Amino acid sequence: MQDQHMYYRSEHSAVHIPGTGLGLAIVKDIVELHGGQVEVSSRLNLGSTVSVIQP
């Protein structure tokens, strides 16, 4: 089915957050296409760290 989109965000989310929420998903796909990886580390009430590792 060529009419389906690869990325999708539900219009029925519980809270309104600006943006599409697709940035990291797209970054992950691009990085992996180039042989790299994306790592995410998160700590409650402290925040998150996103690392992009390229060969």
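Refer to the structure presented above.
Residues numbered from 1 in each chain as written. Predicted model: local features only at pLDDT ≥ 70, side-chain atom pairs only at ≥ 80, totals over all residues. Heavy atoms only, no water.

### Let's talk about the overall build of the protein
- The secondary structure content of the protein amounts to 1 helix and 2 strands.
- Reading the secondary structure of the protein in the N-to-C direction produces α-β-β.
- Taking all 55 residues of the protein together, the buried fraction comes to 5%.
- Sequence separation of 24 or more characterises 5% of the internal contacts of the protein that already satisfy a separation of 6 or more.
- Summing over all exposed atoms, the protein offers an accessible surface of approximately 5,300 Å²; the carbon and sulfur share of this is 56%. (Helix = DSSP H or I, 4+ residues; strand = E, 2+ residues; numbered from the N terminus. Buried < 20%, exposed > 50% of the residue type's maximum accessible area, 1.4 Å probe, protein only. Contact = heavy atoms within 4.5 Å. Areas by Shrake-Rupley, 256 points an atom, 1.4 Å probe, with all protein chains shown as cover.)

### Observations concerning the environment of Glu39
- By secondary structure assignment, the location of Glu39 is in strand E1 (residues 37-43).
- Between the alpha carbons of Glu39 and Ser51 there is a distance of 5.1 Å; along the sequence they are 12 residues apart.
- One polar contact links Glu39 to Gln37, side chain to side chain, over a distance of 3.2 Å. (Polar contact = N/O pair within 3.5 Å; in protein donor to acceptor, adjacent residues only side chain to side chain.)

### Structural notes on unusual backbone geometry
- Here the phi dihedral of Asn45 falls at roughly 65°; this positive angle occurs in a residue that is not glycine.
- Relative to the helices and strands, Asn45 resides in the loop between E1 and strand E2 (47-53).

### Concerning the environment of Val38
- With respect to the secondary-structure elements, Val38 resides in strand E1.
- On the accessibility criterion, Val38 (23% relative accessible area) is partly exposed.
- A C-alpha to C-alpha distance of 4.6 Å links Val38 and Val52, two positions 14 residues apart in sequence.
- Look past the residues within four positions of Val38 in its chain and what remains in contact with it is Val27, Lys28, Val31, Val50, Ser51 and Val52.

### Brief notes about the pairing of E1
- Two strands pair when backbone bridges link them, and E1 and E2 are joined in this way by 7 bridges, in the antiparallel orientation. Note that in E2 the partner of Gln37 across the bridge is Ile53.
- Connecting the antiparallel pair E1 and E2 is a turn made up of 3 residues, with Asn45 showing a positive phi of about 65°. (Pairing = 2+ DSSP bridges.)

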